[in-house]
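One-letter residues, chain by chain:
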Amino acid sequence: MGQVLRPAAKSGAGADRAFGLVTAAAAWFVLLLLAATAISMAWGGRLAFSTFGWGFITGKDWDVGAGRFGAFVPIYGTLVTSAIALIVAVPVSIGIALFLTDIAPRWTRGPVAIAIELLAAIPSIIYGMWGLFVFAPFMAAHVEPWAIQHLGIIPGIGALFRGPPIGIGMLTAGIVLGIMVIPFIASVAREVFSAVPPALRESAVALGSTRWEILSRVTLPYTRSAIIGAVFLGLGRALGETMAVTFVLGNAHDLSLSLLMPSNSIAAAIANEFTEADTELYRSSLIALGFLLFVVTFIVLTIAKLMLMRINRRLGRTY
Amino acid sequence: MAIRARRRIADISAFAFASLATVFGLFWLAWILFTTLQQGAAALGPALFTQMTPPPGASGGLLNAFYGSAVMIGLATLIGTPVGVAAGTYLAENGRYTRLAAIVSFVNDILLSAPSIVIGLFVYEMVVVTLGHFSGLAGALALAMILLPIVTRTTEESLRLVPDQMREAGFALGQPRWRVTSRILYKAAMSAILTGILLGVARIAGETAPLLFTALNNQFWSASLTQPLANVPVVIFQYAMSPYDEWHALAWAGAFVLTAFVLALNLAVRFLARKGRRK
């Protein structure tokens with residue numbers, strides 16, 4: 001008895017205060033790290049912002065020799081590839097979540113869920129290599145000629161599918177990104193799908209609903225905010241993904257409407273060019289790109305988090 | 001009758017949609033793993049682990065890259081883990097219900113998904129510019145910054161799962177909070193925290209973007225932390241982007257080893273975590 005109490009009494013309040021201070025300092029450190037990242041990006045990019053003003057965002061010229069840096073092409077490439085990624089990933093992820101919660105035989109659920117999560121564990125550089133050496137040639141040989149022939153002739157959206165089938169480009173990058181964000185969206189969707197109160201689904205079943213109706217009228221409306229949160233989470237990942245995109249996007253600074261053409265993204269431009277940036281303005285422009293990326297992903301991830309918090313409150317969780 | 005048939009089709013098509021989506025997801029996993037295995041196995045050999053990265057056109061291995069990666073991952077874990085555990089402890093214990101904890105928990109989730117290339121730029125600005133050159137230390141710090149939010153999050157979650165009775169029991173024995181936390185709560189949450197750390201290690205092992213302009217790369221053997229340090233992901237990147245066949249083969253071999261390491265760690269951790277839960 002005494003043995004348990006004595007050391008506690010001796011080392012009492014002082015050690016406790018020290019412990020509290022250390023943990024609080026670590027928590028502050030996490031906060032400061034994020035703030036410091038934002039500030040150092042803004043500071044590093046100040047030369048580019050003050051030189052070009054808004055022209056940095058709207059300018060289409062990225063001319064290293066002339067020292068003119070307009071980031072419109074990488075910004076456009078980032079947005080387009082991320083949009084393609086979501087078009088690929090969202091329906092697939094919802095389908096996977098539905099499969100894992102409703103359809104799959106019970107014994108397959110664990111292994112399938114782990115396999116899908118492993119997609120997120122594969123390093124992005126592996127996606128990049130596979131994309132460059134295997135998937136891009138596949139796209140060039142099989143998918144893109146078909147798209148040019150059949151989609152390229154449609155007035156309007158046909159413009160998206162014109163040009164030579166070289167495999168490297170926004171479409172390929174977007175699809176690779178889509179595969180990469182599937183596990184992030186699917187795991188959140190699966191979690192909230194399985195948190196839908198069984199009574200709701202059972203009522204729908206008792207009324208004779210089809211599985212489509214249960215998904216579209218019960219499960220999705222009930223989990224809507226979480227699904228939106230999951231989509232934004234996936235978007236945040238897609239916007240900032242670097243290596244996979246760097247391999248398959250082609251690092252071209254020309255603006256083109258066609259999805260089959262090489263382009264650039266913010267992250268890829270930084271990865272490709274930062275170590276070669278030999279002037280102060282060049283380096284500053286790349287850091288300014290990093291600042292834009294950071295701000296956009298911060299906003300997107302904040303929306304994601306707020307949406308996910310909403311469903312958690314609804315499910316009675318405190319965090 | 002027609003309505004019934006239509007509804008039946010609708011029902012089956014939902015089933016088909018979900019099944020196809022799952023097959024679609026698993027298909028890519030299989031394709032990527034198959035490619036890595038096929039290309040990587042062809043380039044494997046004892047030289048991979050005994051020789052240095054070669055100049056263009058010559059044969060060699062990845063010994064210096066493996067060494068550099070191991071050093072940086074180890075150092076990043078040593079730096080990131082204590083800070084992350086302490087921060088997670090604040091969120092779940094000392095600071096529970098405080099506004100700071102709520103804000104930090106929120107910010108931590110954002111840091112968790114922040115673009116790793118930006119983290120690389122940040123460490124470049126902070127460390128590389130200050131020291132005046134690229135270094136293995138900068139690389140390790142960048143990796144630690146990616147590991148930190150992972151450890152913080154899992155520590156917070158694991159501690160929250162420990163029932164309050166255990167805290168009350170500790171306090172009832174007259175123990176101060178730091179002893180309750182370190183002697184009782186950490187023990188109860190140990191396996192979950194360890195799982196988080198190991199998954200974090202698996203994550204930083206494959207990170208390339210934050211190393212590009214922190215650790216850079218080094219073609220030669222160097223054990224110095226203040227010099228550019230060779231590492232597997234950046235070597236893969238440079239060799240895969242090069243026009244040389246020998247370098248491509250080495251990149252595939254590196255990709256194979258990296259993927260095998262990351263997936264094995266992931267599967268082992270999941271297996272152990274599940275076994276621990278059942279117990």
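Basis of the calculations
Residues numbered from 1 in each chain as written. Chains lettered and ligands numbered in written order. Predicted model: local features only at pLDDT ≥ 70, side-chain atom pairs only at ≥ 80, totals over all residues. Heavy atoms only, no water. Core = buried A, V, L, I, M, F, W, Y, C linked by side-chain atoms within 4.5 Å. Buried < 20%, exposed > 50% of the residue type's maximum accessible area, 1.4 Å probe, protein only. Contact = heavy atoms within 4.5 Å. Phe/Tyr/Trp six-rings, centres within 6.5 Å; stacked < 30°, edge-to-face > 60°. Buried area = accessible area lost by both parts, 1.4 Å probe. Salt bridge = Lys/Arg side-chain N within 4 Å of Asp/Glu carboxyl O. Polar contact = N/O pair within 3.5 Å; in protein donor to acceptor, adjacent residues only side chain to side chain. Helix = DSSP H or I, 4+ residues; strand = E, 2+ residues; numbered from the N terminus. Nonpolar A, V, L, I, M, F, W, Y, C, P; charged D, E, K, R; others polar. Patch = residues over 30% accessible without salt bridge, like charges linked within 9 Å, V, L, I, M, F, W, Y side chains within 5 Å. Areas by Shrake-Rupley, 256 points an atom, 1.4 Å probe, with all protein chains shown as cover. Axes fitted to C-alpha atoms, helices over the stretch in contact; angles between N-to-C directions. Parallel < 35°, antiparallel > 145°, perpendicular 65-115°, else oblique. Lys, Arg positive; Asp, Glu negative; His and termini not counted. Charge placed at Lys NZ, Arg CZ, Asp CG, Glu CD. Left-handed = near helix turned anticlockwise from the far one by under 90°.

Asker: Even after reading the chapter, I still don't get the nonpolar core, so can you show me in this structure?
Answerer: Inside soluble globular proteins, nonpolar side chains tend to come together where they are buried. Core analysis: the largest hydrophobic core is formed by 188 residues, its most contacted members being Phe56(A), Tyr127(A), Trp130(A), Leu289(A) and Ile117(B). Those residues within four positions of Tyr127(A) in sequence are excluded, and the remaining contacts are Leu119(A), Ile122(A), Val176(A), Ile179(A), Met180(A), Ala244(A) and Ile32(B).

Asker: Could you clarify how one ought to interpret the packing of aromatic side chains in this entry?
Answerer: Counted under the stated rule, the structure contains 30 aromatic pairs over all chains. Ring centres of Trp62(A) and Phe69(A) lie 5.0 Å apart, and the angle between their planes is 70°; on these two criteria the pair is classed as edge-to-face. Here the aromatic rings of Tyr244(B) and Trp247(B) are separated by 5.3 Å at their centres, their planes lie at 80°, and the arrangement is edge-to-face. The exposure class assigned to Trp247(B) is buried, which follows from its relative accessible area of 14%.

Asker: Help me understand the interface of chain B and chain A in this model?
Answerer: Note: interface size is frequently given as the accessible area lost on complex formation between the parts. Taken together, the contacts link 87 residues of chain B with 89 residues of chain A. Contact between chain B and chain A buries roughly 7,800 Å² in total, counting both sides, with carbon and sulfur atoms accounting for 79%. Across the contact surface, chain B and chain A share four salt bridges. Among the ionic pairs, Glu213(A) bridges to Arg7(B), the shortest N-O distance being 2.8 Å. Our count for the contact surface shared by chain B and chain A stands at nine residue pairs in polar contact (both at pLDDT 80 or more). Secondary-structure elements contributing two or more residues to the side of chain B that touches chain A are α1 (2-43), α3 (63-94), α4 (99-113), α5 (116-131), α6 (136-160), α8 (177-205), α9 (232-241) and α10 (245-278) of chain B. Broken down by element, the residue count for the side of chain B that touches chain A peaks at 21 residues, all from α1(B). The residue makeup of the side of chain B that touches chain A, split by class, is 56 nonpolar, 20 polar and eleven charged.

Asker: Explain a nonpolar patch on the surface to me, please; I cannot follow it from the model alone.
Answerer: All names here are of chain A. On the surface, a nonpolar cluster with roughly 290 Å² of combined accessible area is contributed by Val295, Phe298, Ile299 and Ile303. Inspection of the secondary structure puts Ile303 in helix α13 (residues 280-314). By relative accessible area, which is 33% here, Ile303 ends up partly exposed.

Asker: Honestly, the packing of helix α6 (residues 124-150) of chain A against α9(B) in this entry has me stumped. Any pointers?
Answerer: Two packed helices can be described by the angle between their axes and the distance between those axes. Across the interface, α6(A) lies against α9(B) with an axial gap of 10 Å and an inter-helix angle of 10°. In terms of orientation, α6(A) and α9(B) fall into the roughly parallel class. Together, Ile125(A), Met129(A), Leu132(A) and Phe133(A) of α6(A) and Pro233(B), Ile236(B), Phe237(B), Ala240(B) and Met241(B) of α9(B) make up the contact between the two elements. Classifying every residue of the contact of α6(A) with α9(B) by side-chain character gives nine nonpolar, no polar and no charged.

Asker: Looking at this structure, I do not really get the pattern of salt bridges. What am I missing?
Answerer: Charged atoms that come close allow side chains of opposite charge to pair. Residue and element names in this part refer to chain B. For the structure shown, the criterion picks out 18 salt bridges over all chains. The residue Arg177 makes a salt bridge to Glu93 at a minimum N-O spacing of 3.9 Å. You can see Arg177 sitting in helix α8 and its partner Glu93 sitting in helix α3, a full 84 residues away along the chain. Among the residues examined, Glu93 registers a relative accessible area of 4% and is labelled buried. Between Asp109 and Arg153 there is a salt bridge; the shortest N-O distance is 3.1 Å. A residue pair is termed long-range when its members are at least 10 positions apart, and Asp109 in helix α4 and Arg153 in helix α6 qualify at 44 residues. Pair check on accessibility: Asp109 and Arg153 agree, each one buried.

Asker: Please explain a positive patch on the surface as it appears in this structure.
Answerer: Residue and element names in this part refer to chain A. There is a patch of like positive charges on the surface, built from Arg224, Arg310, Arg313 and Arg314. It is α13 that contributes the most residues to the positive patch, three residues altogether. Here Arg314 lies in helix α13.

Asker: Looking at this model, I keep getting lost on the packing of helix α8 (residues 198-206) of chain A against helix α9 (residues 211-222) of chain A. Mind explaining?
Answerer: Residues and elements named next belong to chain A. At their nearest, the axes of α8 and α9 sit 10 Å apart, and the two run at 165° to each other. The angle between α8 and α9 falls in the class roughly antiparallel. As for how α8 packs across α9, the hand of that crossing is right-handed. Taking contact as the criterion, the partners of Leu200, Arg201, Ala204 and Val205 in α8 are, on α9, Ile214, Val218, Thr219 and Tyr222. Class assignment of the residues belonging to the contact of α8 with α9 gives a composition of six nonpolar, one polar and one charged.

Everything listed is a geometric property; what it means functionally is a separate question.
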